[in-house]
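Observations on the three-dimensional arrangement
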Amino acid sequence: MILIGNTVVSLDILEKEFCCDLDRCRGCCCIEGDAGAPLTEEENAQIEQLLPLLKPQMTPEARRVVEERGISYRDPEGELVTQIVDGKDCVFARTDHNGWCYCLIERACRAGKTDFLKPVSCHLYPVRVKEFAARGEAPAMTALEYNRWDICHCARMRGKKEHVRLYEFLREPLVRRFGQQWYDELCLTATEWRKQNSG
């Protein structure tokens, strides 16, 4: 682990090679798993505002889930996450006729209908963020961990082939979440770490 400000970063994020290979996985991380995408309260409110735009594009099953239960729920750990259909598919995911999965929120953003790209947890995947509240004299902390998933095997293979490390692949979402100065410090730390551990 390394510390950047009040953020604890797993060494896997500096060392592991990873680069999404959508031609192979076709975005299946949006429709696999047993929970929705983690949301902040602000993101939840933003999606609520976008719902009139998104609902006509959602599957009938997803619309029914949202109408009956809302766009989000609390998982067993108390984290706010997007609703899912049949225990796996995010309600904001669609699959096209070629079997490619896409995010309705991101598609709306790319079309210029909103400036909200998608939940930052989706943008950062396969890195997961954990927040720890301040306790006593200890400040609030954030932890970043690499969530290794079998369906991302092709991304690991591509990352190895192209020599792309996880923190490099995730430059845009890391800057979005933590800022350019934080990311620059992460890159410097990663470079020094490699120098010290190259032998």
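Residues numbered from 1 in each chain as written. Predicted model: local features only at pLDDT ≥ 70, side-chain atom pairs only at ≥ 80, totals over all residues. Heavy atoms only, no water.

**Quick notes on the packing of aromatic side chains**
Each aromatic ring pair is described using two quantities: the centre-to-centre distance and the angle formed by the ring planes. Convention followed: For this analysis, a ring pair means two rings from Phe, Tyr or Trp (six-membered ring only for Trp) whose centres lie within 6.5 Å, classed as stacked if their planes differ by under 30 degrees, edge-to-face if by over 60, and tilted for the remaining angles. A run of DSSP states H or I qualifies as a helix once it reaches four residues; a run of E qualifies as a strand once it reaches two. Both are numbered from the N-terminal end. Residue exposure (1.4 Å probe, protein chains only): buried if accessible area is under 20% of the type maximum, exposed if over 50%, otherwise partly exposed.
Here the structure, examined in full by the defined rule, presents three aromatic pairs. An angle of 80° between the planes, with centres 6.3 Å apart, marks the rings of Phe18 and Tyr146 as edge-to-face. Placement of Phe18 in the loop between helix H1 (11-15) and helix H2 (22-25) and of Tyr146 in strand S10 (residues 141-146) is noted, with a sequence separation of 128 residues between them. In this structure Phe18 comes out as buried when scored by relative accessible area, which is 1%.

**Regarding the layout of surface pockets**
The line we're drawing: Grid points spaced at 1 Å over the protein atoms alone were grouped into cavities, where a 1.4 Å probe fits but cannot get out, and pockets, open sets with protein on both sides within 12 Å along at least five of seven lines, with lining residues defined by an atom within 4 Å of a point. Grid points are joined across faces, edges and corners, and a volume is the space filled by probe spheres set on the points. When residues are grouped by polarity, Ala, Val, Leu, Ile, Met, Phe, Trp, Tyr, Cys and Pro land in nonpolar, Asp, Glu, Lys and Arg in charged, and all others, Gly among them, in polar.
There is about 170 Å³ of room inside the second largest pocket. For the second largest pocket, the full set of lining residues is Leu53, Leu54, Gln57, Arg94, Tyr102, Leu104, Arg107, Ala108, Ala111 and Lys113. Among the elements of the structure, helix H3 (41-54) and helix H5 (104-110) are those that each provide at least two residues to the lining of the second largest pocket. For the lining of the second largest pocket, the element with the highest residue contribution is H5, accounting for three residues. Classifying every residue of the lining of the second largest pocket by side-chain character gives six nonpolar, one polar and three charged.

**Some thoughts on the side chain of Thr7**
Note the threshold: Residue contacts are counted whenever heavy atoms from the two residues lie within 4.5 Å of one another.
Structurally, the position occupied by Thr7 is in strand S2 (residues 7-9). Look at Thr7 and you get buried, because its relative accessible area is 6%. Beyond its immediate stretch of four places on either side in the chain, Thr7 contacts Ile2, Thr142, Leu144, Phe178 and Trp182.

**Quick look at the sheet that holds S10**
The cut-off we apply is this: Strands were regarded as paired on the criterion that DSSP finds at least two bridges between them. Axis lines are fitted through C-alpha atoms, for helices just across the contact stretch, and the angle between N-to-C directions can take any value from 0 to 180 degrees.
Taking strand neighbours across the sheet as the criterion, the four strands line up as S1-S2-S10-S9 in an open arrangement whose pairing is mixed. What marks the edges here is a single partner per strand, and that holds for strand S1 (2-4) and strand S9 (127-132). This sheet shows a mean twist of 25° between the axes of neighbouring strands, independent of strand direction. Both S1 and S2 contribute to a ladder of three bridges, which runs antiparallel. Looking at S2, one finds that Leu3 is bridged to Val8. Against the sheet, helix H10 (residues 180-196) engages S1, S2 and S10, with an angle of about 150° to S1.

**Some thoughts on helix H4 (residues 60-69)**
Put simply, the rule is: When we speak of the arc, we mean the arc of directions from the helix axis to the C-beta atoms.
Every buried residue belonging to H4 is among Ala62, Val65 and Val66, and all of these are buried. Seen end-on, H4 carries its buried residues on one side only, within an arc spanning 95°. Set apart from the buried face of H4 by more than 90 degrees, the exposed residues are Glu67 and Glu68. Positive backbone phi, at 90°, marks Gly70, one or two positions downstream of H4.

**Notes on the environment of Arg176**
Filter applied, for reference: Any N or O atom pair separated by 3.5 Å or less is treated as a polar contact, with the protein-specific requirement of one donor-capable and one acceptor-capable atom, and with residues adjacent in sequence counted only for side-chain atom pairs.
Looking at the element boundaries, Arg176 is found in helix H9 (residues 171-178). On the basis of relative accessible area, Arg176 is assigned to the partly exposed category, the value being 35%. Separated by 16 residues in sequence, Arg176 and Lys160 have C-alpha atoms that sit 25 Å apart. In this view, Arg176 contacts Glu43, Phe116, Leu117, Lys118, Pro119, Val120 and His123; residues no more than four positions away in its chain are not counted. Polar contacts involving the side chain of Arg176 include one to the main-chain carbonyl oxygen of Lys118, which spans 2.6 Å.

**Structural notes on the pattern of salt bridges**
Spelled out, the test is: For salt bridges, the criterion is a side-chain nitrogen of Lys or Arg within 4 Å of an Asp or Glu carboxyl oxygen.
In the structure shown here, the tally under the stated rule is nine salt bridges. The salt bridge involving Glu106 is made with Lys118; its shortest N-O contact spans 3.1 Å. Within this pair, whereas Glu106 is found in helix H5, its partner Lys118 is found in the loop between H5 and helix H6 (120-124), the two being separated by twelve residues in sequence. Here Lys118 falls in the buried class, since its relative accessible area comes to 14%. Of the charged contacts, one joins Lys195 and Glu192 as a salt bridge, the two residues approaching to 3.6 Å between their closest N and O atoms. Here Lys195 and its partner Glu192 are both found in helix H10, three residues apart, which amounts to about one turn of the helix. The class of Lys195 is exposed, set by a relative accessible area of 56%.

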